[in-house]
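Reading the structure
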2 protein chains.
Amino acid sequence: MDIADWRKQIDELDRRLVELLNQRARAAQEIGRLKRDTNLPVYEPEREKIIFENVKRINHGPLDDRDLLRIYERMIDVMRQIQKQSIGGDAPPPADTEIEGQVND
Amino acid sequence: MDIADWRKQIDELDRRLVELLNQRARAAQEIGRLKRDTNLPVYEPEREKIIFENVKRINHGPLDDRDLLRIYERMIDVMRQIQKQSIGGDAPPPADTEIEGQVND
């Protein structure tokens, strides 16, 4: 395979990654709505730890755990914002109402 | 579906995401090796732009483009490091030899 072939493969991987990331965002939104509707606490500090442990356990490289967790930290941060928006009524809250680190998907 | 069901779905999505991220890393490594072996330039500034345009074009939400690109910026940054390592002989280069922004997958 030449560089153009590998880039075609990357573009196809990106198509699948974008789809999965959106499915994950949808699940985070649904969890946010369930928490809102049932008055469950939104802050569950063990959940993020479980996600990172899961990711490390299923990782077989070539990415090392540190690199994979760097990607996941950003992903979880974005998903946390998505969930906050779904709890707040599907609209981004004003900046001054955001409480960092208090929503886990 | 309750919260536990959605979390099971997230764990399954993460299993697939970790697999795809590793496939993408493998492709970045292979491109790095091809560039090294053929003395092709490693810096192709248009490629990263194309990746971001592709991602925006195939995004149908609920993630908005800004959120998706935040995730992709981190992902591309990690992949750039992976490619640098493959060009440098499969080992992380000393910190003082790294040249930021000069490798694209």
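None of the values given here were measured: they were computed from a predicted structure.

About the cut-offs
Residues numbered from 1 in each chain as written. Chains lettered and ligands numbered in written order. Predicted model: local features only at pLDDT ≥ 70, side-chain atom pairs only at ≥ 80, totals over all residues. Helix = DSSP H or I, 4+ residues; strand = E, 2+ residues; numbered from the N terminus. Contact = placed C-beta atoms within 7 Å. Nonpolar A, V, L, I, M, F, W, Y, C, P; charged D, E, K, R; others polar. Least-squares fit on C-alpha atoms with pLDDT ≥ 70 in both. pLDDT = per-residue confidence, 0-100.

**So, the environment of A:A4**
Checked against the element boundaries, A:A4 lands in helix α1 (residues 3-38). Spatially, the C-alpha atoms of A:A4 and A:T38 are 51 Å apart, while their sequence positions differ by 34 residues.

**Quick notes on the interface of chain A and chain B**
Counting from both sides, the interface comprises 41 residues of chain A and, opposite them, 41 residues of chain B. Taken together, the residues that form the side of chain A that touches chain B break down as 21 nonpolar, eight polar and 12 charged.

**Things to note about the relation of the copies chain A and chain B**
Superposition of chain A onto chain B requires a rotation of 180° combined with a translation of 0.0 Å along the rotation axis, giving an RMSD of 0.0 Å. When the rotation and shift are considered jointly, the pair of chain copies conforms to a two-fold rotation axis. Taken as a fraction of all interface residues of chain A, those also at the interface in chain B reach 100%, which identifies the copy contact as same-surface.

**Considerations on the environment of B:I58**
Its place among the elements puts B:I58 in helix α2 (residues 45-58). Between the alpha carbons of B:I58 and B:I82 there is a distance of 25 Å; along the sequence they are 24 residues apart. Residues contacting B:I58, with those up to four places away along its chain left out, are A:R15 and A:V18.

**Some thoughts on the confidence of the model for chain A**
Interpreting fine coordinate detail is not advised for predicted regions of low pLDDT. Residue and element names in this part refer to chain A. In this model, chain A carries an average pLDDT of 86, and 80% of its residues clear a pLDDT of 70 or more. The spread of mean pLDDT over the elements of chain A runs between helix α2 (residues 45-58), the lowest at 93, and α1, the highest at 96. The ipTM value of the predicted complex is 0.83, and its pTM value is 0.83.

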